[in-house]
Amino acid sequence: MELDSYEHLDATFAALADPTRRAILARLRAGEATVSELAEPFAMSQPAISKHLKVLERAGLISRGRDAQRRPCRLEARPLKEATDWLENYRDFWQESYQRLDALLGELKERP
């Protein structure tokens, strides 16, 4: 199932909207981990963690490998880059707005 770019963004932002999923991604920044390892710091069942992992996997933010009996999860950063690139357009907008406001304030200070 290939998602178009806006569907990718929607899936990424929806996945990032949950603090548990953000914490899982933060943990995976340090390296791959199993479901059990990811579940350790949370007061929730392994099936609940698995549901969060499925959301992250559908968004393309994690992948699951196979290493003998282990199925380690690893961070996939490409969707985060796409979201950052999309947000960057709005950073430019706000920087330009602030520059115009600074210019206006400078003009107002120069008036008697």
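Residues numbered from 1 in each chain as written. Predicted model: local features only at pLDDT ≥ 70, side-chain atom pairs only at ≥ 80, totals over all residues. Heavy atoms only, no water.

Here we come to the pattern of salt bridges. In the structure shown here, the tally under the stated rule is 5 salt bridges. A salt bridge links E82 to R78, with the shortest nitrogen-to-oxygen separation between them at 2.9 Å. With a gap of 4 residues between them, E82 and R78 both fall in helix α5 (residues 78-110), about one helical turn apart. Judged by relative accessible area, E82 falls into the partly exposed class, the value being 31%. The residue D85 makes a salt bridge to K81 at a minimum N-O spacing of 2.8 Å. Taken together, the residues span about one helical turn, with D85 and K81 both in helix α5 at a distance of 4 residues. (Salt bridge = Lys/Arg side-chain N within 4 Å of Asp/Glu carboxyl O. Helix = DSSP H or I, 4+ residues; strand = E, 2+ residues; numbered from the N terminus. Buried < 20%, exposed > 50% of the residue type's maximum accessible area, 1.4 Å probe, protein only.)

The next subject is α5. The terminal C-alpha atoms of α5, which comprises 33 residues, lie 48 Å apart, in line with the 48 Å expected from a rise of 1.5 Å per residue. By the burial criterion, the buried members of α5 are P79, A83 and S97. (Expected span 1.5 Å × (residues − 1).)

Summed over the entire model, instances satisfying the criterion amount to 4 aromatic pairs. Plain terms: the ring middles of W86 and Y90 are 5.0 Å apart, the flat faces sit at 55° to each other, and that makes the pair tilted. One end of the pair is W86 and the other is Y90, both in helix α5 and 4 residues apart, which spans about a single turn. For W86, a relative accessible area of 30% gives the class partly exposed. (Phe/Tyr/Trp six-rings, centres within 6.5 Å; stacked < 30°, edge-to-face > 60°.)

Residue position: T20 is located in helix α2 (residues 19-29). Note on T20: relative accessible area 12%, which makes it buried. Not counting residues up to four positions away in its chain, the partners in contact with T20 are F42, M44, I49 and H52. (Contact = heavy atoms within 4.5 Å.)

Examined against the element boundaries, T12 turns out to sit in helix α1 (residues 5-16). For T12, the contacting residues outside a window of four places in its chain are A59, L61, P79 and A83.

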